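Structure assessment
Here's the letter readout for the chains.
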Amino acid sequence: MLKLSEEHLRLMPKVLLHEHLDGGLRPATIIELAKEQGYTGLPTTDPHDLAQWFFRGAHRGSLTEYLEGFKHTCAVMQTPDALERVAYEMVEDMKHDGVCYVEVRFAPVFHTQKGLHWEEIVKSVLRGLERGERDFGVKARLIICAMRHLDGQHSEDMANLAVDFRDRGVVGFDLAGEEGGYPPKKHIEAFHFCQRANFNITIHAGEAFGKESIWQAIQWCGAHRIGHATRLIDDMAVLNGEVIKMNPLSQYVLDKRIPLEVCLSSNIHTGAAKSFAEHPFGIFYKNKFRVTLNTDNRLMSNTSMTQEYKIAHEIFGLSIDDLERLSINAMKSAFITYSERVDIIYNIIKPKFAALKAQLLHQQAQANAYA
């Protein structure tokens, strides 16, 4: 297999479907916004030290502990200007990371501390995404999250909000937060509303809870994609790294091509997987599940799409052809229209991968000539 450098990986056109807006802020931006808004709760005002603090706090093997750092990022995302800035900078970061399409998600309920209403919150984020798309050429869309520990009225409100903005850049509805004790079926009315509106649904499932969470997300709530889905491996009989039997749920997910939003680094940090070697991503990919790679929370997990592709390349042995397939898998699974997906696949992803492969072959030929 041809060894790929980090720069080669960065140049690959990548598609990001699972990233939380409040989990990807720049440390320097957090510090500046905290000063502007009078927030004094930060553990440090040094950008490097703050980045390390978030990473140390998240890397504790527990989803509940992983989520603790969000109180600081959300605390500085309480004004229209702050929300717009964070969204805009996210798109700029995507450009530098080689991402050609991104769907970022957030929960408006966490941004009302200073009296903002949900509509104003969403409009502010969309302004940032739109400006970023114009300035950096990265298509960016928004997913609105309901929080599973809140009641059904909350999730119905968020589903209505998402659908209301469907023509202004919101492309999906998600259920996020701690899984244990909060099954997705408790929010069934919100999902039924989205289904009746022909709207896109993705649900966090199978990260901190078992395969039952995935089953509910699909069969009760009609999820079109599954966030994380790590515990889907529990529905398979695996011997020496080979699947010897798939039970009905995993077979259904495979057959129906239900996309899995895999987040490798985050899954290690939250304890959803003990190590990269034990992460089921390799088994999912080998058995032709529609897997996608994602960052989840770039700040908390100290990662990027380039880093996630590097892990897939170096630890799971994926070649440049495999990585191209991941980008195409993700683009096929995006919540924008069919024509938009096809346009990005054939006019951005495939041509850029073809050019990169030609460059690598040329470099290899030159190296062989001088060997």
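Reference entry: report on the structure contained in this document. Bear in mind the structure is a predicted one, so any value in this text is a computation, not a measurement.

Digging into empty space enclosed by the protein
This structure, assessed with the given rule, holds one cavity of 30 Å³ or more. Its boundaries defined by the atoms lining it, the largest cavity holds a volume of some 70 Å³. Grouping the constituent residues of the lining of the largest cavity by class yields five nonpolar, three polar and five charged.

Things to note about the pattern of salt bridges
Tallied over the full model, the rule gives 24 salt bridges. Ionic pairing is found between Glu 242 and Lys 286, a salt bridge with its closest N-O pair at 2.3 Å. Within this pair, whereas Glu 242 is found in strand E8 (residues 242–246), its partner Lys 286 is found in helix H13 (residues 281–286), the two being separated by 44 residues in sequence. Taken together, the shared-partner salt bridges in this structure form one network comprising Glu 19, Arg 26, Glu 32, Arg 85, Glu 89, Glu 92, Asp 93 and Arg 298.

What about the pairing of strand E2 (residues 99–106)?
Among the eight residues in E2, eight count as buried, and that is most of the element. By the bridge criterion, five bridges tie strand E1 (residues 14–20) to E2 in an arrangement that is parallel. Counted as the bridge partner of Leu 16 is Val 102 from E2. Sheet topology places E2 next to strand E3 (residues 139–147); six bridges connect them, and they run parallel.

What to know about the layout of surface pockets
As a volume, the largest pocket reaches approximately 460 Å³. In this structure, the largest pocket is lined by 23 residues; those nearest its centre are Leu 67, Phe 70, Phe 110, Met 147 and Gly 177. At the level of secondary structure, the elements contributing two or more residues to the lining of the largest pocket comprise helix H4 (63–66), helix H5 (70–75) and E3. For the lining of the largest pocket, the element with the highest residue contribution is H5, accounting for three residues. Looking at the lining of the largest pocket residue by residue, the classes come out as eleven nonpolar, seven polar and five charged.

Things to note about helix H2 (residues 27–37)
Considered for burial, the residues of H2 that qualify are Pro 27, Thr 29, Ile 30, Ile 31, Leu 33, Ala 34 and Gln 37. As for H2, its buried residues are in contact with helix H3 (47–58), H5 and helix H6 (80–96). After H2 finishes, the residue Gly 38 shows a positive phi value of roughly 75°.

What to know about the side chain of His 228
Here His 228 is to be found in strand E6 (residues 225–228). Only 3.5 Å separates the side chain of His 228 from the side chain of Glu 207, close enough to count as a polar contact. Excluding its chain neighbours within four sequence positions, the residues that come into contact with His 228 are His 18, His 204, Ala 205, Glu 207, Glu 261, Val 262, Cys 263, Ser 266, Asn 267 and Asp 296.

Section: helix H15 (residues 320–333)
Residue pairs three or four apart in sequence face the same way in an α-helix, which turns once every 3.6 residues. With 14 residues, H15 extends 20 Å between its outermost C-alpha atoms, agreeing within 8% with the 20 Å of an ideal straight helix rising 1.5 Å per residue. Summarising burial for H15: eleven of the 14 residues are buried, a large majority. Those residues of H15 not exposed but buried are Ile 320, Asp 322, Leu 323, Glu 324, Leu 326, Ser 327, Ile 328, Asn 329, Ala 330, Met 331 and Ser 333.

Re the packing of aromatic side chains
Scanning all chains against the criterion turns up six aromatic pairs. Judged by centre distance (5.2 Å) and plane angle (50°), the ring pair of Tyr 88 and Phe 136 falls under tilted. Taken together, the positions of Tyr 88 in helix H6 and Phe 136 in helix H7 (residues 118–136) put the pair 48 residues apart, joining distant regions of the chain. Each member of the pair, Tyr 88 as well as Phe 136, carries the same accessibility label: buried. Sitting over the ring of Tyr 309, Lys 14 keeps its end group 5.8 Å from the ring centre.

Describing the sheet that holds E2
Taken in spatial order, the eight strands line up as E1-E2-E3-E4-E5-E6-E9-E10 in an open sheet, and their pairing is parallel. Pairing within the sheet leaves two strands with one partner each, and these edge strands are E1 and strand E10 (291–293). Across the sheet, the axes of successive neighbouring strands diverge by a mean angle of 25°, strand direction being ignored. In the sheet, strand E4 (residues 170–176) pairs with strand E5 (residues 201–205) via three bridges, with the strands oriented parallel. Bridge pairing in E5 places Asp 174 opposite Thr 202.

Let's talk about the packing of helix H10 (residues 211–220) against helix H11 (residues 248–255)
Remark: H10 packs on H11, axes separated minimally by 11 Å, with the N-to-C direction vectors making an angle of 50°. Taken together, H10 and H11 sit at an angle that is classed as oblique. Handedness of the H10/H11 crossing: left-handed. Within the contact between the two elements, H10 uses Lys 211, Ile 214, Trp 215, Ile 218 and Gln 219 and H11 uses Leu 249, Tyr 252 and Val 253. Looking at the contact of H10 with H11, its residues break down into six nonpolar, one polar and one charged.

Re the environment of Leu 11
Among the structural elements, Leu 11 can be located in helix H1 (residues 6–11). In sequence terms Leu 11 and Pro 47 are 36 residues apart; their C-alpha atoms lie 27 Å from each other.

Some details on the side chain of His 72
Relative to the helices and strands, His 72 is located in helix H5. Classification of His 72 by relative accessible area gives buried; the value is 4%. Of note is the side chain of His 72, whose polar atom sits 2.7 Å from the side chain of Tyr 39. Beyond its immediate sequence surroundings of up to four residues, His 72 is in contact with Tyr 39, Gly 41, Leu 42, Pro 43, Trp 53 and Phe 54.

Reading the values: rules and limits
Residues numbered from 1 in each chain as written. Predicted model: local features only at pLDDT ≥ 70, side-chain atom pairs only at ≥ 80, totals over all residues. Heavy atoms only, no water. 1 Å grid on protein atoms, 1.4 Å probe; cavity = no way out; pocket = protein on both sides within 12 Å on 5 of 7 lines; lining within 4 Å. Points joined across faces, edges and corners; volume = space filled by probe spheres on them. Nonpolar A, V, L, I, M, F, W, Y, C, P; charged D, E, K, R; others polar. Salt bridge = Lys/Arg side-chain N within 4 Å of Asp/Glu carboxyl O. Helix = DSSP H or I, 4+ residues; strand = E, 2+ residues; numbered from the N terminus. Buried < 20%, exposed > 50% of the residue type's maximum accessible area, 1.4 Å probe, protein only. Pairing = 2+ DSSP bridges. Contact = heavy atoms within 4.5 Å. Polar contact = N/O pair within 3.5 Å; in protein donor to acceptor, adjacent residues only side chain to side chain. Expected span 1.5 Å × (residues − 1). Phe/Tyr/Trp six-rings, centres within 6.5 Å; stacked < 30°, edge-to-face > 60°. Lys NZ or Arg CZ within 6 Å of the ring centre and 35° of its normal. Axes fitted to C-alpha atoms, helices over the stretch in contact; angles between N-to-C directions. Parallel < 35°, antiparallel > 145°, perpendicular 65-115°, else oblique. Left-handed = near helix turned anticlockwise from the far one by under 90°.

As far as function goes, none of this settles anything; it's purely spatial.
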